[in-house]
Amino acid sequence: MHTLPQQLANGLFLGSTYGLIAIGYTMVYGIVQLINFAHGEIFMTGGFGALTVYLVLPHGTSLWLALPLMLVGGAATSVLIALGAERFAYRPLRGAPRLAPLIAAIGLSLALQQAVHNLYPQATSARVFPQIPSGPWHLGGVDIQSGDLFTVIAAPICMVVLALFVRKSRTGRAMQATAQDSDTAQLMGIDTNRIIATAFAIGAVFAAVAAICYGLRYGQVSYDMGFEAGLKAFTAAVLGGIGNIYGAMLGGLVLGLAEALATAYIADIPGMHQLGGQAWSPVWAFVLLILVLLLRPQGLLGERVADRA
Amino acid sequence: MRHRSLLVLSIALTGALTVTACGSRGASKSGGDSAAGTTVTIGVDAPLSGENSATGLGIQYGVQIAVDDANKNKTVPGVTFKVKALDDQAQPATGQQNATSLVADSSVLGVVGPLNSGVAQSMQQVFETANLVEISPSNTNPALTQGPNWAAGTKVRGYKTYFRTATTDALQGAYAAQYASGTAKKKNAFVVDDKQTYGAGLAGIFKDSFTKDGGAIAGTDHVSTGDKDFSTLVTKIKASGADMLYYGGQYDEASLLSKQLKAAGDAIPLMGGDGIFSATYISVGGAGTEGDLATSVGSPVDGLATAQDFIAKYKAAKYPGDYGTYGGYSYDAATAIIKAVGSVAAANGGKIPSDARAKVVDGVQKSDFDGIAGHVSFDAFGDTTNKQLTVYQVTGGKWVSVKTGAFNG
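Residues numbered from 1 in each chain as written. Chains lettered and ligands numbered in written order. Predicted model: local features only at pLDDT ≥ 70, side-chain atom pairs only at ≥ 80, totals over all residues. Heavy atoms only, no water.

Caption draft 1: Examining the overall build of chain A more closely. Summing up its helical and strand segments, chain A has 12 helices and 4 strands in all. Expected size for 309 residues packed as a compact globule is a radius of gyration near 19 Å; at 19 Å, chain A falls within 12% of this value. In terms of its C-alpha atoms, chain A occupies a principal-axis envelope of roughly 60 × 55 × 35 Å. Counting the 309 residues in chain A, one finds 58% classified as buried. In chain A, 75% of the contacts between residues at least 6 apart in sequence involve partners at least 24 apart. Charge-centre separation for chain A: the mean point of 15 positive side chains lies 10 Å from the mean point of 13 negative side chains. (Helix = DSSP H or I, 4+ residues; strand = E, 2+ residues; numbered from the N terminus. Rg over C-alpha atoms; globule rule 2.2 N^0.38 Å. Buried < 20%, exposed > 50% of the residue type's maximum accessible area, 1.4 Å probe, protein only. Contact = heavy atoms within 4.5 Å. Lys, Arg positive; Asp, Glu negative; His and termini not counted. Charge placed at Lys NZ, Arg CZ, Asp CG, Glu CD.)

Caption draft 2: Representation of the packing of aromatic side chains within the structure. One pass over the full model with this rule turns up 19 aromatic pairs over all chains. Considering the side-chain rings of A:Trp280 and A:Trp284, the 6.4 Å spacing of their centres and the 40° angle between planes classify their relative orientation as tilted. For A:Trp280, a relative accessible area of 32% puts it in the partly exposed group. Between B:Tyr314 and B:Tyr323, the ring centres sit 5.3 Å apart and the planes meet at 50°, which makes this aromatic pair tilted. The exposure classification of B:Tyr314 matches that of B:Tyr323, with both residues buried. (Phe/Tyr/Trp six-rings, centres within 6.5 Å; stacked < 30°, edge-to-face > 60°.)

Caption draft 3: Structural view of the sheet that holds strand β1 (residues 38–46) of chain B. Residues and elements named next belong to chain B. Strand order in the open sheet formed by 5 strands is β2-β1-β3-β4-β5, with parallel pairing between adjacent strands. Because the sheet does not close on itself, it has two edges, and the strands there are β2 (79–87) and β5 (162–164). Each strand of the sheet is rotated relative to its neighbour by a mean of 25°, with strand direction disregarded. Across the sheet, helix α12 (residues 323–347) touches β1, β2, β3 (108–112) and β4 (133–136), and the angle it forms with β3 is around 160°. (Pairing = 2+ DSSP bridges. Axes fitted to C-alpha atoms, helices over the stretch in contact; angles between N-to-C directions.)

Caption draft 4: Spotlight on the sheet that holds strand β9 (residues 270–272) of chain B. Residue and element names in this part refer to chain B. Taking strand neighbours across the sheet as the criterion, the 7 strands line up as β7-β6-β8-β9-β10-β13-β14 in an open arrangement whose pairing is mixed. Looking at which strands have only one partner, the edges of the open sheet turn out to be β7 (216–222) and β14 (398–406). Pairs of neighbouring strands in the sheet enclose a mean axial angle of 25°, with direction left out of account. Looking at chain direction, strand β13 (residues 388–395) and β14 are connected through 8 bridges and run antiparallel. Bridge pairing links Gln393 to Val400 in β14. Strands β6 (188–193), β7 and β8 (244–248) of the sheet are contacted by helix α7 (residues 197–212), whose axis makes an angle of about 165° with β6. Strands in contact with helix α8 (residues 231–240) are β6, β7 and β8; relative to β6, the strand with the most contacts, it is inclined by about 160°.

Caption draft 5: View of the interface of chain B and chain A. Taken together, the contacts link 43 residues of chain B with 47 residues of chain A. Between chain B and chain A, a total of about 3300 Å² is buried, with carbon and sulfur atoms accounting for 56% of that surface. Broken down residue by residue, the surface that chain B buries against chain A is led by B:Lys228, B:Asp229 and B:Thr232, which jointly contribute 16%. Run the count over chain B and chain A and you get 2 salt bridges. The salt bridge partner of B:Asp229 is A:Arg217, with a shortest N-O separation of 2.3 Å. There are 13 residue pairs in polar contact (both at pLDDT 80 or more) connecting chain B and chain A. At the level of elements, α1 (2–23), α2 (53–72), β7, α8, α9 (251–263) and α10 (279–285) of chain B are the ones that each hand at least two residues to the side of chain B that touches chain A. (Buried area = accessible area lost by both parts, 1.4 Å probe. Salt bridge = Lys/Arg side-chain N within 4 Å of Asp/Glu carboxyl O. Polar contact = N/O pair within 3.5 Å; in protein donor to acceptor, adjacent residues only side chain to side chain.)

Caption draft 6: Local environment of the side chain of B:Asp332. Residue and element names in this part refer to chain B. Along the chain, the position of Asp332 falls in helix α12. Buried and unpaired, Asp332 has no salt bridge, with Lys339 as the nearest side chain of opposite charge at 9.1 Å. Here Ala373 takes part through its backbone nitrogen, which lies 3.0 Å from a polar atom of the side chain of Asp332. Excluding its chain neighbours within four sequence positions, the residues that come into contact with Asp332 are Phe369, Gly371, Ile372, Ala373, Gly374 and Val376.

Caption draft 7: Looking closely at the packing of α12(B) against helix α13 (residues 356–365) of chain B. All names here are of chain B. Across the interface, α12 lies against α13 with an axial gap of 8 Å and an inter-helix angle of 120°. Between α12 and α13, the angle is such that the two are oblique. For α12 against α13, the interelement crossing comes out right-handed. Contact with α12, carried on its side by Ala336, Ile337, Ala340, Val341 and Val344, involves Lys359, Val360, Gly363 and Val364 of α13 and no other residues of that element. (Parallel < 35°, antiparallel > 145°, perpendicular 65-115°, else oblique. Left-handed = near helix turned anticlockwise from the far one by under 90°.)

Right, dumping it as structure tokens:
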């Protein structure tokens with residue numbers, strides 16, 4: 001049992017990445033009730049944007065210098081794609097039956113995957129992502145890998161900044177108003193199109209941060225990395241209560257912890273050996289999701305789903 | 001207004017998807033008779049995108065070079081060979097569709113591939129029905145040639161059109177166990193596999209042989225293909241006190257697993273089969289893979305005098321992909337088909353007969369020549385008679401062969 005602190009830390013690092021991506025799902029859903037299934041691919045393009053920046057920098061540039069530039073490059077890429085998607089794929093469908101933008105999102109996600117696969121040199125499965133050259137750090141009984149250092153620092157900062165933005169800034173308050181009642185907000189002089197675009201852009205920035213976390217953690221990015229990560233993040237958003245920003249982060253952490261603890265300990269329960277194991281971790285994560293939805297359909301922190309349905 | 005924009009969008013989207021889907025298929029022009037003579041197509045099925053694609057592309061271009069050589073040397077007078085490569089994305093269902101489409105193309109007289117044993121299972125029946133020969137350069141699951149009860153000693157050949165130039169996991173897994181306990185003096189192995197036909201089979205054989213050789217199993221676990229996060233598994237392996245990790249599966253997961261294991265401070269080597277023997281394993285896994293071990297079929301291609309011309313051509317053409325693992329075997333597989341086509345044509349007055357496919361199957365069965373990666377001939381099950389195996393170790397960021405031999409256990 002002495003491995004417990006390490007397994008908890010593993011779950012938190014994993015969950016932070018899920019949470020960062022889940023923000024994008026939850027913000028867009030909160031404002032336009034659209035599940036942007038292309039968000040996983042927006043995350044993926046953020047990773048490739050960051051990698052491209054690294055590759056064009058002169059060889060041997062220190063990662064501490066390159067990382068901020070990669071962050072800017074990755075965020076710019078995914079924001080550009082998210083805004084493009086919003087303007088050309090979703091806005092024309094606003095007001096159409098709900099299924100239409102959903103199908104557009106799925107189509108867009110396939111198109112983005114194939115586009116990266118075809119446009120990016122070398123069609124091999126994964127591209128090597130640069131690594132933070134030091135570490136690991138030992139903190140009590142827990143090892144923090146160099147790749148996780150960025151996650152540990154970036155995830156809480158992102159959350160605090162977002163919370164302050166939504167609560168204090170003019171745009172943030174306009175977002176809340178739009179989320180509550182978009183028609184009335186428009187009558188009050190809020191440019192709802194701009195607000196919706198902002199929600200997409202913020203989600204994309206978070207996705208890019210998550211993509212860099214992912215790249216540093218696993219040392220690679222691939223054109224198909226968005227699918228599974230996107231699915232897990234969507235699950236995290238639903239788990240936390242879709243539409244609720246804090247819920248997205250909490251849902252991500254709970255999901256990550258559930259996966260880690262299930263992998264580590266279920267196999268030790270007598271008779272459960274076959275159902276423990278690494279390969280079963282997503283299964284237990286989804287069992288948890290189903291349980292939460294059965295007992296608390298609005299999600300852990302959710303509140304908005306009921307009056308929207 | 002709204003309806004029109006919806007229409008425009010869906011058309012644009014469909015168009016975009018079609019275009020990209022076509023693009024990912026790679027070179028897939030269908031064959032046909034040209035004015036200069038007969039054109040014979042050699043099909044290739046391998047993962048050309050996604051997981052395992054580095055190795056898959058090595059197969060495609062290994063065949064391409066064999067075909068180029070045959071055309072240049074006019075190996076079969078009056079016949080021009082061409083390659084039709086289809087992407088199976090390592091998916092059995094896609095492999096079966098590809099098999100059907102290769103069978104439907106009457107100019108295809110032989111197929112090289114697939115990479116994955118699981119994909120081969122879904123293709124064998126299709127080729128058998130059409131009497132089309134299939135030679136895999138890389139399938140190592142014993143059941144493919146010897147039937148499901150091979151381990152119990154009941155060997156039955158299910159498909160007379162299926163051959164392979166790679167030796168089987170029964171030998172590979174046992175050879176790995178022999179090296180691990182004998183040469184590397186490992187006592188306590190943690191065994192992980194990816195639940196696929198190849199990976200689970202190989203891990204099972206290793207586990208049995210390693211225990212038989214006196215080793216202990218510290219623990220077992222399974223991963224899913226596509227998994228990226230092994231942090232919890234790594235913590236488990238570290239706590240188990242194992243002195244080596246055996247992994248049955250492909251390099252995509254193995255390199256990440258090894259990297260995360262070493263980053264967590266557990267310096268035990270990962271050992272795997274030919275599925276991890278790839279340059280990509282090292283480039284993605286980084287310094288963490290130093291000291292890791294892999295068995296692979298045959299002798300190292302780089303060290304074979306007969307393969308130097310092939311390697312030079314592969315490098316000169318700047319083909320993507322990894323020729324090291326199966327490129328040489330793909331070349332030999334394609335050559336076996338080309339030679340068989342040649343003997344069929346020669347027996348028919350220089351023309352390809354109408355029942356060429358069935359005759360090519362017989363021709364391949366009778367193959368007996370020195371390929372670039374070793375002698376090529378097949379036993380009664382369609383297995384290669386070349387039982388050479390090699391253990392490689394990552395040394396200085398490269399795979400270096402540490403032991404080569406024939407296994408007859």
